[in-house]
Amino acid sequence: MDSAGEVLNDGKITLEGFTVAARAFADKWKRHNLSFPSWSWVPLINRTLLKKEECYLSLEKIIILSSLEGSAEEESLGVTADWWEKEESIDHTVLVQNVEDEAHYYDYHIVYSASYMVPMLYFRGYSSDGKPLSLDVIKRDLPSSSVSLLLESKWTFITQEEHPYLNRPWFKLHPCGTEEWIKLLSESSSSDGCQMPVELYLVSWFSVVGQVVGLRTPLEMLI
Amino acid sequence: MDDKRESPPTMILQFAPLNSSVDEGFWHSFSSLKLDKLGIDDSPISITGFYAPCSHPQVSNHLTLLSESLPSSSDEQSSTESTSHGNRNKCPVPGTLYNTNTVESFTKLDKQSLLKSEANKIWEDIQSGKALEDCALLSRFLVISFADLKKWSFRYWFAFPALVLDPPASLVELKPASEYFTSEEAESVSAACNEWRDSSLTTDVPFFLVSISSDDSKATIRHLKDWEACQGDHQKLLFGFYDPCHLPSNPGWPLRNYLALIRSKWNLETVWFFCYRESRGFADMSLSLVGQASITLSSDSSVPNSVGWELNKGKRAPRSISLANSMDPTRLAVSACDLNLKLMRWRALPSLDLNVLSSVKCLLLGAGTLGCQVARTLMGWGIRNITFVDYGKVAMSNPVRQSLYTFEDCVGRGEFKAVAAVKSLKQIFPAVESSGVVMAIPMPGHPISSQEEESVLGDCKRLRDLIESHDAVFLLTDTRESRWLPSLLCANANKIAINAALGFDSYMVMRHGAGPTSLTDDMQNLDMNKAGRQRLGCYFCNDVVAPQDSMTDRTLDQQCTVTRPGLAPIAGALAVELLVGVLQHPLGIYAKGDNSSSSNGGNTDESPLGILPHQIRGSVSQFSQITLLGQASNSCTACSETVVSEYREKGNSFVLEAINHPTYLEDLTGLTELKKAANSFSLDWEDDEDDDEAVDM
């Protein structure tokens, strides 16, 4: 289990290390975090620019229920339903649904950044009809602990950037502070100056990063 | 219809409507398809929708469109997961997209007949037996849309055609599967379902038969086409389907066409159905439902009526979505640049006020070496409102030193600089608000004839209006005298003026002080000590001669102000940094000047960017730079109270006097007196008419 070469001294990690760490992370998550679906490993094929096969971890369709805000965004599109009236009377076999709580869906991707040499968390939110959620709405879905973490910590802020593979803007936690605090984490947790084993790298990373987006890492995963 | 008196009062079977969910990626892919391939072709497009059984007790699943829903155009989906069959969360369902090219045609689409024609297809598939082979055909759907690719907004409306049973089916009973089955049956059904779902061959088959042997409670799941084989005395048969709905007392929409199929193919009056739902990826018998429906047989083989247009928040209206923020390239550029500035604030300067930068309007007098550099640096700071004033055209020697111009701008008659500069800015950052004014700045010492008077006065007015409609003015022209009128006008209107001038190997950048009358006008509420109430000087404050013609009779190199190329970028950049410093300072134009020697180490709370000097002078022959401080002079020909009042009082006639008779300004400000007094000392001055005065410094 030669992991020494893959987690670097300054808190960074190599691509190989990331791959190992990601698999370990996904396994532990599956075992210890039963209230969530498991992360899947998405390979990218047909990437003509890259020689190595690159992959990312994906956790999708996490549902957060939130009560409907009185958002009056819908313009009345001015389409009259007169054709409807002509056609038929009300169909009694259709259940009339009350528009209740709105479900918000979240997708999370953990992607390796070759330039920063650390993992990055990308995420997005959308409502049940597919409309993307703005950052303000997303922040309202976050637990208050996350929101205060965002405001106070100088290492965590959310930016909107193009997803490296899907070519659409996603939100991400900006990685420029990552190596610093991973270094701190690794120093404080190692007893005899050993480096953090690569299997735990992503788990440790996520235990901090996940909090910002409201995803808890069960303690059992950190062992 | 048999009358079973002991049966409970039957209610009409009510179905929960299916709802649509369109992933952003679908619109991105569709836009590319339309732009690259389809053009104005609006023939129907075959698409694939995806749905899966409900997986959450409080939230129904939707019929989803993803980027892979569209017929693939070569390298579009190379980075996404492989589409298709075998994915348990994406049961493919065929659909048709009718996209129109205008809003009017969208509104005028005959929705009735479109719905009818899709329903027809379902009916035909039922009659012909195709639906038994490929049961996903029962959930065929249609979408009408209008894609506005200029505004990146999409209007759409789904229909899930459902064949209407007439009279409607009635519900005899409905309960959770765990209550209906015995525990052995439940266990066996769960296992069989999980197996069905785990196999990539069957996981996306959304309609199936559940056959339970009465001997050993063992359940098997079979395809619809195996119905014959499932007949037998010792078997209970349920019609199972993936139910996207989560509600405990209603089955989901797919059951509608399923019942139509059952009635038509197998003539059953009583149908036991099984709404299959999951949780955490496994069959969930308490969420799943088992029900008994009672239907009236009909010998009519004509296609039934159909319903199924999706409601939008309870209303009969299409849905719309605007994706300009994620698709419009100009907006993407704006948010990327804004991000950069925000990072600066987060990481280095938390007190940076970005709003003042994005709203400030800058007027650049001169679009030459200095003007181009200033403009680019302004954009780097997120300043996006830039106006150029320049009379000249781009000459062949310009592009190498004037960073906004290219060779193309010089070819032929040559483009006007003010125009070319604007074009260039827009190519760099499309969201910039920039305009160019081709105009000469009236100058003292260059007398004008009476015919020219009107147009020169017109230019003066235009210049005055420009200055008054902007917040900061950069004086970047190539002569001393052309800076006089702008300096006066800025002093008059109390606008921030940043002056930059180049010598051969030296530069000067300064900010003018506040206007003279402003001290009484605006200053009451500002808390300033006596030193602060002194105005900083302007470019002309230290002069003892009025600006005059410095250009005629000079040698060529002096006329063309030849300078070392490195200077303009340095001076231009310093000019912008100086402006930003003023804008970030709480006192703005009234901020007093700092010296680099007097500062107490740089950034204070008041001035997060560091010191804010009055003047900066530097040279590349020494690679040195110093800051200077000068107070306003009461005899200044441009910003003194005398001059500004005279201008306010006499307006055009004052300007004409100054232009035609430069000694007028000297008389007015008392410089004439001053010089007489100086000359009356009997000292041997060398005639000290500095050449420096003639060169811009």
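The paragraphs below set out a description of the structure included in this document.

Parameters and conventions
- Residues numbered from 1 in each chain as written.
- Chains lettered and ligands numbered in written order.
- Predicted model: local features only at pLDDT ≥ 70, side-chain atom pairs only at ≥ 80, totals over all residues.
- Heavy atoms only, no water.
- Helix = DSSP H or I, 4+ residues; strand = E, 2+ residues; numbered from the N terminus.
- Buried < 20%, exposed > 50% of the residue type's maximum accessible area, 1.4 Å probe, protein only.
- Contact = heavy atoms within 4.5 Å.
- Areas by Shrake-Rupley, 256 points an atom, 1.4 Å probe, with all protein chains shown as cover.
- Pairing = 2+ DSSP bridges.
- Axes fitted to C-alpha atoms, helices over the stretch in contact; angles between N-to-C directions.
- Salt bridge = Lys/Arg side-chain N within 4 Å of Asp/Glu carboxyl O.
- Expected span 1.5 Å × (residues − 1).

1. Let's talk about the overall build of chain A
Stage number 1. Across its full length, chain A carries six helices and six strands.
Stage number 2. Reading chain A from its N end, one meets helices and strands in the order α-β-β-α-β-β-α-α-β-β-α-α.
Stage number 3. The burial tally for chain A puts 48% of its 223 residues in the buried class.
Stage number 4. For chain A, restricting intrachain contacts to residue pairs at least 6 apart in sequence, the fraction spanning at least 24 positions comes to 62%.
Stage number 5. When the accessible surface of chain A is split by element, carbon and sulfur atoms take 53% of a total near 11,500 Å².

2. Brief notes about the environment of valine 422 of chain B
Stage number 1. Counting through the fold element by element, valine 422 of chain B comes out in helix H13 (residues 417-428).
Stage number 2. For the pair formed by valine 422 of chain B and serine 299 of chain B, sequence separation is 123 residues and the distance between their alpha carbons is 76 Å.

3. Looking at the sheet that holds strand S19 (residues 385-389) of chain B
All names here are of chain B.
Stage number 1. As summarised here, the arrangement of the eight strands in space is S20-S19-S18-S21-S22-S23-S24-S25, forming an open sheet in which the pairing is mixed. Of all the strands in the sheet, just strand S20 (433-437) and strand S25 (624-628) have a single pairing partner and so form its edges. The mean angle between the axes of side-by-side strands here comes to 15°, regardless of whether they run parallel or antiparallel.
Stage number 2. Where strand S23 (residues 506-511) meets strand S24 (residues 615-619), five bridges bridge the pair, whose relative direction is antiparallel. Directly across from methionine 510, in S24, lies its bridge partner glutamine 615.
Stage number 3. Lying on the sheet, helix H14 (residues 450-468) is in contact with strand S18 (361-365), S19, S20 and strand S21 (472-475); it crosses S18 at an angle near 145°.

4. A look at the sheet that holds strand S15 (residues 289-294) of chain B
For sheets, the rule is that strands pair by backbone hydrogen bonds, running either parallel or antiparallel.
Residue and element names in this part refer to chain B.
Stage number 1. Reading across the sheet, the seven strands line up as S1-S8-S15-S12-S11-S9-S10 and stay open at both edges, with mixed pairing between neighbours. Only two strands of the sheet have a single partner each, and these edge strands are strand S1 (11-12) and strand S10 (219-222).
Stage number 2. Across four bridges, strand S9 (residues 207-213) lies against S10 in antiparallel orientation. Each residue of the ladder has a partner; that of isoleucine 212, found in S10, is alanine 219.
Stage number 3. In this fold helix H7 (residues 254-266) packs onto S9, strand S11 (235-242) and strand S12 (270-276), with an angle of close to 140° to the strand it touches most, S11.

5. Thoughts on the pattern of salt bridges
All names here are of chain B.
Stage number 1. Taken as a whole, this structure holds 21 salt bridges over all chains when the rule is applied.
Stage number 2. Note that glutamate 173 is salt-bridged to lysine 175, the shortest N-O span being 3.3 Å.
Stage number 3. Among the charged side chains, a salt-bridge network with shared partners connects Arg88, Arg197, Asp198 and Glu278.

6. A look at the environment of phenylalanine 26 of chain B
Residues and elements named next belong to chain B.
Stage number 1. Within the secondary structure, phenylalanine 26 is located in helix H1 (residues 24-38).
Stage number 2. Along the chain, phenylalanine 26 and serine 67 lie 41 residues apart, while their C-alpha atoms are 3.9 Å from each other.
Stage number 3. Apart from residues lying up to four places away in sequence, phenylalanine 26 is in contact with Leu65, Leu66, Ser67, Ser69, Leu70 and Leu97.

7. Observations regarding helix H1 (residues 15-32) of chain A
Stage number 1. The first and last C-alpha atoms of H1 of chain A sit 25 Å apart over 18 residues, in line with the 26 Å expected at 1.5 Å per residue.
Stage number 2. The complete set of buried residues in H1 of chain A reads Leu15, Gly17, Phe18, Ala21, Ala22, Ala24, Phe25, Ala26, Lys28 and Trp29 of chain A.

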